[in-house]
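# Reading the structure
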Number of protein chains: 2
Amino acid sequence: MQQERQDPIPLRADAQRNREQIIQAARAEFLRVGMDVPMEEVARAAGVGIATLYRRFPDRSELIKAVSLDNMRRVVALARRLEQDEPDPATALRALLRSVNDVYLSIVMTAVSAHAREALKDTPEIDEQRLEVLTVLSRLLRRAQDQGAIRPDIGAGDLILVLAATSRLMPITDDDLGGTVFERLFALTMDAFRPAPASPLPGRPVEYSDVEHLRQAGGLAIFGR
Amino acid sequence: MQQERQDPIPLRADAQRNREQIIQAARAEFLRVGMDVPMEEVARAAGVGIATLYRRFPDRSELIKAVSLDNMRRVVALARRLEQDEPDPATALRALLRSVNDVYLSIVMTAVSAHAREALKDTPEIDEQRLEVLTVLSRLLRRAQDQGAIRPDIGAGDLILVLAATSRLMPITDDDLGGTVFERLFALTMDAFRPAPASPLPGRPVEYSDVEHLRQAGGLAIFGR
DNA sequence: CGATTAGTGGAAGGATTTCCTCCACTTGAC
DNA sequence: GTCAAGTGGAGGAAATCCTTCCACTAATCG
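Presented here is an overview of the structure given in this document. (Residues numbered from 1 in each chain as written. Chains lettered and ligands numbered in written order. Predicted model: local features only at pLDDT ≥ 70, side-chain atom pairs only at ≥ 80, totals over all residues. Heavy atoms only, no water.)

## Regarding the interface of chain B and chain A
The following threshold applies: Residue contacts are counted whenever heavy atoms from the two residues lie within 4.5 Å of one another. The term buried area denotes the loss of accessible surface (1.4 Å probe radius) that occurs when two parts are joined, taken as the sum for both partners. Salt bridges are counted wherever a side-chain nitrogen of Lys or Arg sits within 4 Å of a carboxyl oxygen of Asp or Glu. What qualifies as a polar contact is a pair of N or O atoms within 3.5 Å, subject to a donor-acceptor requirement within protein and to the restriction that residues adjacent in sequence count only when both atoms come from side chains. In DSSP terms, a helix is any run of H or I states spanning at least four residues, a strand is any run of E spanning at least two, and both are numbered starting from the N terminus. In this classification, the charged set is Asp, Glu, Lys and Arg, the nonpolar set is Ala, Val, Leu, Ile, Met, Phe, Trp, Tyr, Cys and Pro, and all remaining amino acids, among them Gly, are polar.
Contact with chain B, which involves 56 residues of that partner, is made by 56 residues of chain A. Across the interface of chain B and chain A, roughly 4600 Å² is buried in total on both sides, 61% from carbon and sulfur atoms. Connecting chain B to chain A are 4 salt bridges. Of the charged contacts, one joins Arg151 of chain B and Asp191 of chain A as a salt bridge, the two residues approaching to 2.8 Å between their closest N and O atoms. Where chain B packs against chain A, one counts 20 residue pairs in polar contact (both at pLDDT 80 or more). When contributions to the side of chain B that touches chain A are tallied by element, the ones reaching two or more residues are helix H1 (13-32), helix H9 (156-166), helix H10 (176-191) and helix H11 (208-217) of chain B. Counting residues per element, the side of chain B that touches chain A draws most heavily on H10 of chain B, at 10 residues. When the residues that make up the side of chain B that touches chain A are grouped by side-chain class, the tally is 31 nonpolar, 11 polar and 14 charged.

Below you can see the structure in the form of structure tokens.
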């Protein structure tokens, strides 16, 4: 489960460390700039040379694939763990959404960026895992709504789109202020979902299929480019 | 006030029309892609040739300047009108925030993008107008809080950052679904600001100076690049 | 500790994107 | 109808980005 590959020549210790640093840096840069961030910026952020990056990931597609899979696995693991261990659906949902960026990367970014779509074209595992996350998310949402902890007039699509927007507020540096600000804004955003809404929302709850539809039409700025 | 310049040779009718189309298209592309969007994409979106764009705006800086000024003027006009005509501060504030993108472009984007900072370096009017918008925004917020219409534990900076994130949800095409979805998500976001918060927010209210500070540190993803 | 070989960084050439100018053609204004 | 302002798009210059190559470094193993 936790194993890396079948059993190719294991990486040397330093190479393994670099590989992980690259994935982590790439993830951050993808979120900060986009999936079209220059490879050299990724290398610099990871503190390695450009050649090291290319040796490990022969082209951008491979890097995107590795980052996406790594991210997906983390989200799915978290989602499963939460659904199993946390009896209160509202708490579980909030904890899941708390890793906004993972969820955003998992559900939206891998489905939106042209680079990502190309890179992940022949990787069905991605779609499976995305579906898994979506399923858990929807289930938690419904249960939280059933027991009155979340306003009833929203759908999973609403949640995802708000998340997608909020992910832009993720702190990049280790700056203290940045961390605090994110905590505040996340809490603030969550407050929008509490029950007894101030006013009914226009239209009907947005589902994930609507998000898909919007993406195909390039309907929202967040799907730009 | 409404006059275009001192009195250079007035543009021919079709040229004037094209100029306006270009500004409008550039604004949309800036929001969709960023201030580094290729000039040709702007031209295409405006339905004009690349040469026409360059004839009207000799380089990117001029275009950014024109778009920013146009946008600023609209926001300032709206802000003044609202403060004068709308007695209820909460309603006025909401109406102002309703043009998320104008406000976002005015306050954040012109202060963040490297291109924009370079282009607007010697245009003090921009800073004046931004200050004007900020002043009205802060005043409306405080008044709305004083009369209990908005939760007391937020500052203008919180508002601006949430706006900045929400602007990513702006509809791009004329798609009906996109419009509705934006309305929903805007209403949802506003609901986060209603009084009697579910839980107190961590930290202290974020002011605009904090936003500036964060920008300089590149502290949030939204300031990326 | 020394040999071996996977691993590394950065320079550099090639490919691609983007900028911007030029000019033959079109169209509004008078 | 004249003509100057205006237009589109081709194409060269410039910048950006991708990728390879190779001399050098440092884990690993005996």
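## What to know about the environment of Asp70 of chain A
Residue and element names in this part refer to chain A. Applied cut-off: Relative accessibility thresholds used throughout: buried, under 20% of the residue-type maximum; exposed, over 50%; partly exposed, between the two (1.4 Å probe, protein chains only).
On the secondary structure map, Asp70 appears in helix H4 (residues 60-85). Taking relative accessible area as the criterion, Asp70 reaches 30% and is therefore assigned partly exposed. As a C-alpha pair, Asp70 and Ser167 span 97 residues in sequence and 18 Å in three-dimensional space.

## Quick look at the protein's contact with DNA strand D
The condition that has to hold: For this description, a residue counts as near a given molecule or strand if any of its non-hydrogen atoms is within 4 Å of it.
Around DNA strand D, the structure places 21 residues, and the nearest of them are Arg60 of chain A together with Asn18, Ala51, Thr52 and Arg55 of chain B. The side chain of Arg12 of chain B places a nitrogen or oxygen atom 2.9 Å from a base nitrogen of DNA strand D. Elements represented by at least two residues in the surface near DNA strand D include exactly helix H3 (50-56) of chain A together with H1 and helix H3 (50-56) of chain B. Top contributing element to the surface near DNA strand D by residue count: H3 of chain B, with 5 residues. Of the residues assigned to the surface near DNA strand D, the class counts are 11 nonpolar, 4 polar and 6 charged.

## A closer look at the relation of the copies chain B and chain A
To keep things clear, this is the line we draw: Least squares is the method used to superpose the copies, on C-alpha atoms of residues holding a pLDDT of at least 70 in both.
Once chain B has been moved 0.0 Å along the axis and rotated by 180°, it coincides with chain A to within an RMSD of 0.1 Å. This pairing of chains is accounted for by a two-fold axis. Looking at the rotation axis and the C-alpha trace of chain B, the residue lying nearest is Ala192 of chain B, at 2.0 Å. Most of the interface of chain B is mirrored in chain A: 100% of its interface residues are interface residues there too.

## What to know about helix H6 (residues 100-112) of chain A
Threshold: The bend at a residue is defined as the angle formed between two axes, one fitted to the seven residues ending at that residue and one fitted to the seven starting there.
The sharpest bend along H6 of chain A measures roughly 35° and falls at Ser106 of chain A. Where burial is concerned, most of H6 of chain A is hidden: 13 out of the 13 residues are buried.

## Topic: the environment of Glu128 of chain A
Tracing the backbone shows Glu128 of chain A in helix H8 (residues 124-146). A C-alpha to C-alpha distance of 9.9 Å links Glu128 of chain A and Met72 of chain A, two positions 56 residues apart in sequence.

## Quick word on the protein's contact with DNA strand C
In the vicinity of DNA strand C lie 22 residues, with Asn18, Gly49, Ala51 and Thr52 of chain A together with Arg60 of chain B positioned nearest. The contact atoms of DNA strand C, taken as those within 4 Å of the protein, divide so that sugar and phosphate hold 61%. Note that a base oxygen of DNA strand C is positioned 3.3 Å from one of the side-chain N or O atoms of Arg12 of chain B. Met39 of chain B is positioned such that a nitrogen or oxygen atom in its backbone is 3.0 Å from a phosphate oxygen of DNA strand C.

## Points about the packing of H4 of chain A against H6 of chain A
Residue and element names in this part refer to chain A. We count it as follows: The axes are straight lines fitted to the C-alpha atoms, using for helices just the contacting stretch, and the angles between their N-to-C directions are given from 0 to 180°. By definition in this entry, angles of less than 35 degrees are roughly parallel, angles greater than 145 are roughly antiparallel, angles of 65 to 115 are roughly perpendicular, and the rest are oblique. Left-handed describes a crossing in which the near helix is turned anticlockwise from the far one by less than a right angle; the clockwise case is right-handed.
Two elements in contact, H4 and H6, have axes whose closest approach is 9 Å; the angle formed by their N-to-C orientations is 125°. Regarding the angle of H4 to H6, the classification is oblique. Our pair here, H4 against H6, has a crossing hand that is left-handed. For the pair H4 and H6, contact is made by Ser68, Asn71, Met72, Arg74 and Val75 and by Asp102, Val103, Leu105, Ser106 and Thr110, respectively. Among the residues forming the contact of H4 with H6, the class breakdown is 4 nonpolar, 4 polar and 2 charged.

## Notes on the packing of helix H5 (residues 89-98) of chain B against helix H8 (residues 124-146) of chain B
All names here are of chain B. For the pair H5 and H8, the least separation of the axes is 8 Å and the interaxial angle reads 140°. The orientation of H5 with respect to H8, classified from their angle, is oblique. Here the hand of the crossing between H5 and H8 comes out left-handed. Only Leu137, Leu140, Leu141, Arg143 and Ala144 of H8 make contact with H5, whose side of the interface consists of Pro89, Ala90, Ala92, Leu93, Leu96 and Leu97. Looking at side-chain class alone, the contact of H5 with H8 contains 10 nonpolar, no polar and 1 charged residues.

## Considerations on the packing of aromatic side chains
Residues and elements named next belong to chain A. Here is the rule: For Phe, Tyr and Trp, rings pair up if their centres lie within 6.5 Å, where Trp contributes its six-membered ring, and each pair is then called stacked (planes under 30 degrees apart), edge-to-face (over 60) or tilted (otherwise). Sitting over a ring, as applied to charges here, requires NZ of Lys or CZ of Arg to be within 6 Å of the ring centre and within 35 degrees of the ring normal.
Overall, the coordinates contain 2 aromatic pairs over all chains when judged by the stated rule. Aromatic side chains Phe182 and Phe186 sit 6.1 Å apart centroid to centroid with 25° between the ring planes, which places their arrangement in the stacked category. With a gap of 4 residues between them, Phe182 and Phe186 both fall in helix H10 (residues 176-191), about one helical turn apart. As far as burial versus exposure is concerned, Phe182 and Phe186 are alike and both buried. One Lys or Arg, Arg98, reaches over the ring of Phe186 and ends 5.7 Å from the middle of that ring.

## Considering helix H9 (residues 156-166) of chain A
Within H9 of chain A, 11 of the 11 residues are buried, which leaves it mostly tucked inside the rest of the structure. Burial in H9 of chain A covers these residues: Ala156, Gly157, Asp158, Leu159, Ile160, Leu161, Val162, Leu163, Ala164, Ala165 and Thr166 of chain A.

## Considering the pattern of salt bridges
All told, the structure shown has 36 salt bridges over all chains when counted by the stated rule. With a shortest N-O distance of 3.2 Å, Asp70 of chain B and Arg74 of chain B are connected by a salt bridge. Highlighted residues: Asp70 of chain B and Arg74 of chain B, both in helix H4 (residues 60-85), separated by 4 residues, approximately one helical turn. The network of salt bridges with shared partners includes Arg27, Asp70, Arg74 and Asp102 of chain A.

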